[in-house]
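# Architecture and fold: a report
Below, each chain spelled out in residue letters.
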Amino acid sequence: QRSVLHDVYAGDMENLRWTYQNVNLEDFGKAVEAMVKARVVYVIGLRSSYCLAFFLAFSLRFFLENVREVRPHICDLPEQMVSIKDRDVAIAISFPRYTRETVELAMKAKERGAFVIALTDSPLSPLARCADLSFFARCELTSFVESFGAALSLINALTTAVALAKNRAALKRMDALERSFAEFRTFYSDSADG
């Protein structure tokens, strides 16, 4: 068991190192600027990549007002994407084996004039071929499942950069959210007044 733990952690550290070394800083800045200026940011990720898409959309909502997570629930993906247009950003996430619907939705977003950002594993990915900007996160691991540690780290960096770009607007939004959390008693508290 110690060997398994060591191998998984060693693999994740190598994935993180490789991913960090392969981020183009100019493209990173362009992606952040596009998200900050977008009318709507759509986040697309299905099957195992859904966890990444959910986390990215959840995090971006702290700082951007119009983020739409495309949800794979009742086969209504076309309806969720029907309003996408040229002032929007679509962030599509997929890793091998690439989910067909994610690739097709990214292509449709591109056809409608949206700025498409791919989060995937390689320039050979079908998502990279249709995107305006691509970020590559290594997910290799000697295991039965993908390793998304490096992809999550990249998502954290993008979200943090968006928050910094929004500056005072981000702080105001965080204040409003904190008031809402208190109103709805979102978080656990030991105190008698909740």
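See the structure above.
All of the points below concern the structure found in this document. Quantities reported herein were computed from a predicted structural model and do not represent experimental measurements.

Cut-offs used in this document
- Residues numbered from 1 in each chain as written.
- Predicted model: local features only at pLDDT ≥ 70, side-chain atom pairs only at ≥ 80, totals over all residues.
- Heavy atoms only, no water.
- Patch = residues over 30% accessible without salt bridge, like charges linked within 9 Å, V, L, I, M, F, W, Y side chains within 5 Å.
- Areas by Shrake-Rupley, 256 points an atom, 1.4 Å probe, with all protein chains shown as cover.
- Salt bridge = Lys/Arg side-chain N within 4 Å of Asp/Glu carboxyl O.
- Helix = DSSP H or I, 4+ residues; strand = E, 2+ residues; numbered from the N terminus.
- Buried < 20%, exposed > 50% of the residue type's maximum accessible area, 1.4 Å probe, protein only.
- Pairing = 2+ DSSP bridges.
- Phe/Tyr/Trp six-rings, centres within 6.5 Å; stacked < 30°, edge-to-face > 60°.

## Re a nonpolar patch on the surface
- Taken together, the side chains of F54, F55, F58 and L152 present a nonpolar region at the surface, about 330 Å² in accessible area.
- For the nonpolar patch, the leading source of residues is helix α3 (residues 50-60), giving three residues.
- Residue position: F58 is located in helix α3.

## Focus on the pairing of strand β4 (residues 115-120)
- Among the six residues of β4, five are classified as buried, and the element is accordingly described as predominantly covered.
- Where β4 and strand β5 (residues 133-136) come together, four bridges link them in parallel fashion. What sits directly across from A118, in β5, is S134.

## Description of the packing of aromatic side chains
- Per the counting criterion, the structure on display carries eight aromatic pairs.
- Between F58 and F62 the ring centres are 5.5 Å apart and the planes differ by 75°, which places this aromatic pair in the edge-to-face class.
- The exposure class of F58 is partly exposed, given its relative accessible area of 42%.
- Residue class for F62 comes out partly exposed when judged on its relative accessible area of 21%.
- Judged by centre distance (5.4 Å) and plane angle (45°), the ring pair of F95 and F148 falls under tilted.

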